[in-house]
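# Remarks on the overall topology
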Amino acid sequence: MADIDLSAMDRVLTLELVRVTERAAVAAAMMRGRGDEKAADQAAVDAMRNELNRLSIRGRVVIGEGERDEAPMLFIGEEVGNGDGPEVDIALDPLEGTTICAKNLPNSLAVIAITHRNGLLNAPDVYMDKLAIGPGFPEDFIELDMPPAEIVRRIAKEKDVRAHELTACILDRPRHQKLIEAVRETGVAIRLIGDGDVAGIIHTTDPETTGIDFYIGSGGAPEGVLAAAALRCMGGQIWGRLTLDTDEKRSRAERMGISEPRKIYSKEDMASGDVLFAATGVTDGNLLQGVSFRRGVAMTHTIVTRSHTGTQRWVRAKHIVEDKFEFID
Ligand code: VTB
Ligand code: MG
Ligand code: MG
């Protein structure tokens, strides 16, 4: 492999990633609206793993479906790829928003991010406090620990708008009650989402289309790493801090190499190097359309992007379903 130009390899790999998320999305989409989160998730996991193992990489799952004993497939530490190619680390979520998919509500995704070995934060499956905003703002002009009113004031000033012209995306959870009150107080419109904060954060990169200006609140740490990878490629800023509020969580994090439990991570801290990112819509969403099935064909909509160049490719694919995908009926 030594004589192969790695950057050329990455270029090929970028497009190859599309197949991986497409395949997971189609499998999950066949289970849309059936009220069975587990089955939808399992279908996506199986499909993603099959496709991932065809890639010319020596891949290692860093952010995956869980620890080895709780996740039979795509567990943290699992080696994937055909074993022939660059050594890479992988963050994935074959179905981000299992409940959304089971209810056939907007913005469930199949997502993956790849970078060089040791380029991803080994985040334990705990909560992470997150603040994210799209491109076009000064670096660090807002901070994770600022009162919401101050965050809103600064964003409104930078955008030269009034607070009521801004929209924040927040996960609809009882733990966010105070946060929601504080943001409402400012006049900002809140879009409460049931799940799917990877999509919520990606939506900040294109407020004109999505209507989302910033994301705030606590969600899964693995999802934080995936969202950071997306923003490395698509622009924007994210700040995240792990919620390590018990001894058990702190020692679990320590075993995963985290020595500063209160550290605020930037997107580069969570995903460094030349990051490749792909997401395919499972259910219809604000940026990505969901999979649609017609007689004999499946249509998919994917974004694939790379931090090195920042190129965003929006790929609409028409798949002849027979032979390619397994039907469930
Ligand atoms: C979020 C959301 C995910 O988990 O990270 C959330 O993006 C956080 O956990 O889609 P809680 O549900 O406990 O709040 C999901 O909802 C599911 O992975
Ligand atoms: Mg998952
Ligand atoms: Mg998830």
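Conventions adopted
- Residues numbered from 1 in each chain as written.
- Chains lettered and ligands numbered in written order.
- Predicted model: local features only at pLDDT ≥ 70, side-chain atom pairs only at ≥ 80, totals over all residues.
- Heavy atoms only, no water.
- UniProt positions renumbered as here; feature names shortened; annotations may be inferred.
- Core = buried A, V, L, I, M, F, W, Y, C linked by side-chain atoms within 4.5 Å.
- Buried < 20%, exposed > 50% of the residue type's maximum accessible area, 1.4 Å probe, protein only.
- Helix = DSSP H or I, 4+ residues; strand = E, 2+ residues; numbered from the N terminus.
- Domains from an automatic or database assignment.
- Contact = heavy atoms within 4.5 Å.
- Pairing = 2+ DSSP bridges.
- Axes fitted to C-alpha atoms, helices over the stretch in contact; angles between N-to-C directions.

Identification of the chain as Fructose-1,6-bisphosphatase from Afifella marina DSM 2698 is taken from an unreviewed UniProt entry. According to the UniProt record, the Cofactor (unreviewed entry) comment for the chain is "Mn(2+)".

## Describing the nonpolar core
In terms of nonpolar packing, the biggest core is built from 45 residues, with Ile 202, Ile 238, Leu 242, Met 270 and Phe 277 touching the most fellow members. Residue assignment for this core shows that the elements contributing at least two residues are β1 (58–63), β4 (109–116), β5 (127–133), β6 (167–171), α6 (197–202), α8 (221–234), β9 (237–242) and β10 (276–281). Considering every element that reaches this core, the biggest residue donor is α8, with ten residues. The two domains that each donate at least three residues to this core are domain 1 (11–118 + 275–320) and domain 2 (127–270).

## A word on the UniProt feature "binding site: Mn(2+) 2" (unreviewed entry) in the chain
Sequence positions flagged by UniProt for "binding site: Mn(2+) 2" (unreviewed entry) are, in local numbering, Asp 93, Glu 96 and Glu 223. A maximum C-alpha distance of 8.2 Å among these annotated residues, which run over 131 residues, shows that they cluster at one spot. Considering the arrangement of structural elements, one finds Asp 93 in strand β3 (residues 87–96). Leaving out residues up to four positions away in the same chain, Asp 93 has contacts with Met 48, Glu 65, Leu 109, Ala 110, Val 111, Glu 223 and Leu 226. By relative accessible area, which is 18% here, Glu 223 ends up buried. The residues touching Glu 223, leaving out its near neighbours within four places in the chain, are Asp 93, Glu 96, Lys 130, Asp 197 and Val 198.

## Here's the deal with the sheet that holds β5
The sheet built from five strands is open, its strands ordered β7-β6-β8-β5-β9 with mixed pairing. In this open sheet, the two strands that pair with only one neighbour each are β7 (189–193) and β9. Here the average twist between neighbouring strands, direction ignored, is 15°. Bridging between β6 and β7 involves five bridges; their strand directions are parallel. Directly across from Cys 169, in β7, lies its bridge partner Arg 191. Helix-sheet contacts for helix α5 (residues 177–186) involve β6, β7 and β8 (214–220), and the interaxial angle to β7 is about 150°. On top of the sheet, α8 reaches β5, β8 and β9; it is set at about 25° to β5, its chief contact.

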